[in-house]
Amino acid sequence: MYLAKEIYRPLQKELEDLWGVKVFDRYTVVLHIFRYNARTKEAKLQITLAEIPLLKSRLKNELANKDQQGGGSRYIMGSGKTTLIKALTGDTKLQPRDQLFATLDITAHAGVLPSHMTVIYVDTVGFLSQLPHGLIQSFSATLEDVIHSDLIVHVRDISHPESLNQKVNVLNVLKNLNLPSHLLDSLVEVHNKIDLQEGYCTTDPNILGISALHGYGLEELKQRIENAVLKSTGRQIMTLRVKLSGPQLSWLYKEATVQKVDVMAEDDTANVSVIISNSAYGKYKKMFP
């Protein structure tokens, strides 16, 4: 029997005797799910740390109920992040699983954007609404990589009946991480699983509807990610005409990311497509007016 709240140990034992079945509370079930899916030493250590308050309180025959505030629905954010990253990167080693917290350890996967720029997609642990306070403290470290990212892609399961509440919960967690304002302002919101939402339509130009499973909207998403990453990192894509006999091409290989070189043999020049930071481009113009 599962009770969607934390309960005192004496009450748990009383209910088990009354009903003749095992009774699990919210805290215990979440810990069990985490323990089952943990793979790295760090994740297993986080679970052990999270169990300490539970074991301590049970020894004292009392479990501090810190999850009474708020009320309302409780839900797992199984939005399809892993499926989306697999679709964006083509990483065949990724095997999305339709189960709670299938992604517990942080994983990183390389992908290529339309300009051939390489990016790293970081797959974070799924969100759980109204997570017990002790678990929030123990597992907040799994979201610390977000602080160091160039862009946040918020993937929502738009077919979920609690989709809007999930969005509010995620944004609240992100705000509590004290993220730089530019990260929150540049957040890309993605509505996944539109294939399960009959008549799906959004009028918000900042939201993109996709189906990671069936590949709908992925090319547009890649372009949006590229534009946002370029803006957040202060870079731009451009084509520069350089003299092959001069030092420009060598300088660009050193200071920028050269994407393509089209040689114009007739005049000893080349059109060079580059991804270059704004500061590096400023230096280039001063050095090679």
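Residues numbered from 1 in each chain as written. Predicted model: local features only at pLDDT ≥ 70, side-chain atom pairs only at ≥ 80, totals over all residues. Heavy atoms only, no water.

(A) View of the sheet that holds strand β3 (residues 153-157). The strand order across the open sheet formed by three strands is β3-β4-β5, and the pairing between neighbours is parallel. Taken across any chain shown, the strands that pair with only one partner, and hence form the sheet edges, are β3 and β5 (207-209). Between one strand axis and the next, the sheet turns through 25° on average, direction left out of account. Note that strand β4 (residues 188-192) and β5 share three bridges and pair parallel. Bridge pairing in β5 places His191 opposite Gly209. Lying over the sheet, helix α6 (residues 163-176) contacts β3 and β4, oriented at roughly 155° with respect to β3. (Pairing = 2+ DSSP bridges. Helix = DSSP H or I, 4+ residues; strand = E, 2+ residues; numbered from the N terminus. Axes fitted to C-alpha atoms, helices over the stretch in contact; angles between N-to-C directions. Contact = heavy atoms within 4.5 Å.)

(B) Representation of a nonpolar patch on the surface in the model. A grouping of Leu18, Trp19 and Val21 is seen on the molecular surface, where their side chains present a nonpolar patch of about 310 Å² in accessible area. Tracing the chain through its elements places Val21 in the loop between α1 (9-19) and α2 (26-37). (Patch = residues over 30% accessible without salt bridge, like charges linked within 9 Å, V, L, I, M, F, W, Y side chains within 5 Å. Areas by Shrake-Rupley, 256 points an atom, 1.4 Å probe, with all protein chains shown as cover. Salt bridge = Lys/Arg side-chain N within 4 Å of Asp/Glu carboxyl O.)

(C) A look at the confidence of the model for the protein chain. Mean pLDDT over the protein chain: 79, with 70% of residues reaching 70 or higher. A low-confidence stretch, residues 59-72 stays under pLDDT 50, and its non-local contacts, those more than four residues away or across chains, total 22 contacts. In the model, residues 99-103 has pLDDT below 50 throughout and makes 19 contacts with residues more than four positions away in sequence or in other chains. (pLDDT = per-residue confidence, 0-100.)

(D) Spatial organisation of helix α9 (residues 248-255). For α9, the complete set of buried residues consists of Gln248, Leu249, Trp251 and Leu252. The buried residues of α9 occupy an angular sector of 160° when the element is viewed end-on, so they sit on one face. Of the exposed residues in α9, the ones pointing more than 90 degrees away from its buried face are Ser250, Tyr253 and Lys254. Those residues of α9 hidden inside the fold are in contact with β6 (235-243), β7 (257-264), β8 (269-277) and α10 (278-287). (Buried < 20%, exposed > 50% of the residue type's maximum accessible area, 1.4 Å probe, protein only. Arc of directions from axis to C-beta.)

(E) Representation of the packing of α9 against α10. For the pair α9 and α10, the least separation of the axes is 11 Å and the interaxial angle reads 165°. Classed by the angle they form, the pair α9 and α10 counts as roughly antiparallel. By crossing handedness, the relation of α9 to α10 is classed as right-handed. The segment α9 lies against α10, with Gln248, Trp251, Leu252 and Glu255 engaging Ala280, Lys283, Tyr284 and Met287. Per-class residue counts for the contact of α9 with α10 are five nonpolar, one polar and two charged. (Parallel < 35°, antiparallel > 145°, perpendicular 65-115°, else oblique. Left-handed = near helix turned anticlockwise from the far one by under 90°. Nonpolar A, V, L, I, M, F, W, Y, C, P; charged D, E, K, R; others polar.)

(F) Geometry of the sheet that holds β7. Strand order across the open sheet formed by three strands is β6-β8-β7, with antiparallel pairing between neighbours. Each having just a single partner strand, β6 and β7 make up the two edges of the open sheet. Going across the sheet, the axis of each strand differs from the next one's by a mean of 20°, ignoring polarity. In terms of strand pairing, β7 meets β8 through seven bridges, oriented antiparallel. What sits directly across from Lys260, in β8, is Ser273. Of the strands in this sheet, β6 and β8 are in contact with helix α8 (residues 218-232), which crosses β6 at around 80°.

(G) Structural context of the pattern of salt bridges. For the structure on display, the rule yields eight salt bridges. In this structure, Asp262 and Lys260 form a salt bridge, with 4.0 Å as the shortest nitrogen-oxygen distance. Given the relative accessible area of 33%, Asp262 is considered partly exposed. Assessed through its relative accessible area of 47%, Lys260 is described here as partly exposed.

(H) Summary view of the packing of aromatic side chains. Evaluated as defined, the whole model comprises three aromatic pairs. Relative to Phe288, the ring of Trp251 has its centre 6.1 Å away and its plane inclined at 75°; by these criteria the two rings are edge-to-face. Taken together, the positions of Trp251 in helix α9 and Phe288 in the segment after α10 put the pair 37 residues apart, joining distant regions of the chain. Both residues of the pair, Trp251 and Phe288, count as buried. Ring centres of Tyr284 and Phe288 lie 5.1 Å apart, and the angle between their planes is 55°; this geometry places the pair in the tilted category. Overall, the relative accessible area of 6% leaves Tyr284 in the buried class. (Phe/Tyr/Trp six-rings, centres within 6.5 Å; stacked < 30°, edge-to-face > 60°.)

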